[in-house]
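Chain by chain, the residues:
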Amino acid sequence: MALNLRQRQTECITRMLNLNQPVNSSGTANEEVYKILIYDKFCQDILSPLIHVKDLRKHGVTLYFLIDKDRKPVHDVPAVYFVQPTQLNVQRVIADASRSLYDSFHLNFSSSIPRLLLEDLASGTLNSDSIQRISKVHDQYLEFVTLEDNLFSLANKSCYVQLNDPSAGDREIEEIIEKIASGLFCVLATLAVVPIIRCQRGGPAEMVASLLDQRLRDHLLAKNNLFSEGGNFTSSFQRPILCLFDRNFELSVAIQHDFRYRPLVHDVLGLRLNRLSVQGEKGGMKYFELDRSDPFWVANGSLEFPEVAVEIETQLNKYKKDVDEVNRRTGGNEGAEFDGTDLIGNTKHLMNAVNSLPELTERKQVIDKHTNIATVLLGEIKERSLDSFAKKESDMMVRGSIDRNELLPVLKGKGTKLDKLRFAIMYLISSESIPPSEVEMVEDALRESEVDTSAFQYVKKIKSLNVSLASTNSASRSNIVDWAEKFYGQSISAVTAGVKNLLSTDHQLALTRTVEALMEGKLNPEIDSFLVFDPRAPKSSSGTSGSHLKGPFKEAIVFMVGGGNYVEYGSLQELAHRQQPVKHVIYGTTEILTGSEFVEQLGLLGKKMGLGSSGVALT
């Protein structure tokens, strides 16, 4: 059985909703208990893509509230709490228990509750004489958001800014690294696997890998640990590989415009937690869900937008043909004499028609949904020339440059300020060496369009560090800021080293190519510098390659520190499916960002370094 993160997390949540009792084959507890669900905002986001209202009803949840809302007592009913282990949430639980809001409290924390908070909970409920109301306390290890079977996010906001802030101190960096390692531990605990860890040398990826390795080692010392039955959930006895990358490994993918359906919907329409809202034809907003229950989204998410438009039309024509066929079969034979056999035949056709109605209705709803989405997308594409941005950026990355005569018309043409800024940064990244006069010309064009150039100046600055740091020795790890500046230079160098480092002839992402090499596990100069951590091996062997760690690996978890996107997710899924036999790749990130959101983070860093123009809005 391949690793299926969505299924495993859903099973854990289902068990939690049934008061942590075993559930039967139908997914419900043997004894139905009506209950109330209380959650915080973060845990609401965890539940949202996985559990719908009808599912809550199925598991006996009659009411559900946010923990910070005023609530009235509901007597004789147990309450299931699903919250992060924070001081504020613990104080609210104590307050609810002291007011006897519910008959009993089943407390589920999204990650392991620290001992100090557990002691606060115990003393608070004891002092208010309500400790008897606390039935059970569980650490659920579910502090991540699963969007698809093979896609998850830790929902850590502005992680790239926090990790790359030149003013950040050691303690702040350590806190962020701890948060990321904790989230990844939850993912591995949910899957019940202890992977081989591979990561880039230096930078946040190595810091996360080292901390995660230590945490797994400490946990494995316990006799009854979360991984004692891990072998049941892998497709073979072989362990999966966890590949950790820093966002700077391939900066361009986080910025570029993409013309495939899934990334386009996310970038342009703001897909969040598998939901989006679009403007309806008659005004007002329409709300849609795009997840695995939508067959069109699953089948066509990786297609280019024009192909999707053709597919919508094909599906609509097929639907119309099937409806006409049903009408023809149930309409009777005109002019035919009535006899018994005709009645039986018509009755049979009528029953078939009635049975096919729900399926036809569902198909029509899906077609209408994607027609709506495609119409709004087409309007945005025309208004902002998004097809032109996507094509020219792709050409730039392949050729390593762009003609000056093509460059300026794009910067002075259609598109939002952020579209133009993204294009300008892509130009900066794709070209190995640019004459200063040309860079100045681009900056002038951006200012003419009233674009805040902080992000552009920031990328220009870290690109220029390449040259100045080429002869510098690697930085001391003890000085985070000093190390970070040098690391930026090295990582941007990986991005700007020309076509062969960035894109191969089939436009395969550098990330995908590296993951493929890591999964093969053969000697390869591209991955020789990657460190190895094996939490099950003796500590002395960590960081070095061993014969038992060699591939090929059938399953991989790829994690991007500093923000990921649907472009990388799609590329990795294509990699998994074209392998023979088919392999399995889960993609995760600290947060899923659109190109515009990531450029805004670059702009924030530019401002922190005193670069770029200020007081100009980015829209």
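Residues numbered from 1 in each chain as written. Predicted model: local features only at pLDDT ≥ 70, side-chain atom pairs only at ≥ 80, totals over all residues. Heavy atoms only, no water.

An unreviewed UniProt entry annotates the chain as Sec1/munc18-like (SM) proteins superfamily originating from Actinidia rufa. Check the Sequence similarities (unreviewed entry) section of the UniProt entry for the chain; it says "Belongs to the STXBP/unc-18/SEC1 family." (UniProt positions renumbered as here; feature names shortened; annotations may be inferred.)

(A) Fine view of the packing of helix H20 (residues 510–520) against helix H21 (residues 566–578). It is the contact of H20 with H21, at a shortest axis distance of 9 Å, that shows an interaxial angle of 35°. Our pair here, H20 against H21, has a crossing hand that is right-handed. Residue-level contacts link Leu511, Thr512, Val515 and Glu516 of H20 to Glu568, Ser571, Leu572, Leu575 and Arg578 of H21. Each residue belonging to the contact of H20 with H21 can be placed in one class, and the counts come to 4 nonpolar, 2 polar and 3 charged. (Axes fitted to C-alpha atoms, helices over the stretch in contact; angles between N-to-C directions. Helix = DSSP H or I, 4+ residues; strand = E, 2+ residues; numbered from the N terminus. Left-handed = near helix turned anticlockwise from the far one by under 90°. Contact = heavy atoms within 4.5 Å. Nonpolar A, V, L, I, M, F, W, Y, C, P; charged D, E, K, R; others polar.)

(B) Examining the packing of aromatic side chains more closely. Under the criterion given, the structure shown has 15 aromatic pairs. Between the aromatic rings of Phe144 and Phe152, the centroid separation amounts to 6.2 Å while the plane-to-plane angle is 75°, which identifies the pairing as edge-to-face. On the basis of relative accessible area, Phe152 is assigned to the buried category, the value being 0%. A centroid spacing of 6.5 Å and a plane angle of 80° characterise the contact between Tyr566 and Tyr569, whose relative ring orientation is edge-to-face. With Tyr566 and Tyr569 both in helix H21, this residue pair falls 3 residues apart, about one helical turn. An aromatic cluster of three or more residues is present, and its members are Tyr81, Tyr102 and Phe105. Geometry around Phe185 places Arg215 over its ring, the cationic atom sitting 4.5 Å from the centre. Geometry around Trp297 places Arg262 over its ring, the cationic atom sitting 5.6 Å from the centre. (Phe/Tyr/Trp six-rings, centres within 6.5 Å; stacked < 30°, edge-to-face > 60°. Buried < 20%, exposed > 50% of the residue type's maximum accessible area, 1.4 Å probe, protein only. Lys NZ or Arg CZ within 6 Å of the ring centre and 35° of its normal.)

(C) Summary view of the side chain of His257. Mapped onto the fold, His257 is located in the loop between strand S9 (241–246) and helix H9 (261–269). Engagement of the side chain of His257 in a polar contact is seen with the side chain of Asp419, the distance being 2.9 Å. When sequence neighbours within four positions are dropped, the list of residues in contact with His257 reads Leu386, Phe389, Ala390, Glu393, Asp419 and Arg422. (Polar contact = N/O pair within 3.5 Å; in protein donor to acceptor, adjacent residues only side chain to side chain.)

(D) A look at the sheet that holds strand S12 (residues 531–533). The 7 strands lie next to each other as S6-S7-S14-S13-S9-S8-S12, forming an open sheet whose pairing is mixed. The open sheet has two edge strands, strand S6 (145–148) and S12, and neither has a second partner. Each strand of the sheet is rotated relative to its neighbour by a mean of 20°, with strand direction disregarded. Bridge count between strand S7 (residues 151–153) and strand S14 (residues 584–589): 3 bridges; the pairing is parallel. Within the sheet, the bridge partner assigned to Ser153 lies in S14 and is Thr589. Across the face of the sheet, helix H7 (residues 170–191) comes into contact with S7, S9, strand S13 (555–561) and S14 while running at roughly 160° to S13. (Pairing = 2+ DSSP bridges.)

(E) Representation of the sheet that holds strand S3 (residues 78–83) in the model. Judged by pairing direction, the sheet is parallel, and its 5 strands sit side by side in the order S2-S1-S3-S4-S5 without closing on themselves. What marks the edges here is a single partner per strand, and that holds for strand S2 (61–66) and strand S5 (134–139). Sheet twist, expressed as the mean angle between neighbouring strand axes with direction ignored, is 15°. Relative to strand S4 (residues 104–109), S3 runs parallel, the two being bridged by 6 bridges. Opposite Val83, over in S4, you have Phe109 as the bridge partner.

(F) Local environment of unusual backbone geometry. With an omega of -10°, the peptide bond running from Gln580 to Pro581 counts as cis. Mapped onto the elements of the fold, Pro581 is located in the loop between H21 and S14. For Leu19, which is not glycine, the phi torsion reads 60° and is therefore positive. Looking at the element boundaries, Leu19 is found in the loop between helix H1 (5–17) and strand S1 (35–39). Positive phi, normally seen in glycine, also occurs at Ala192, with a value near 60°. Within the secondary structure, Ala192 is located in the loop between H7 and strand S8 (196–199).

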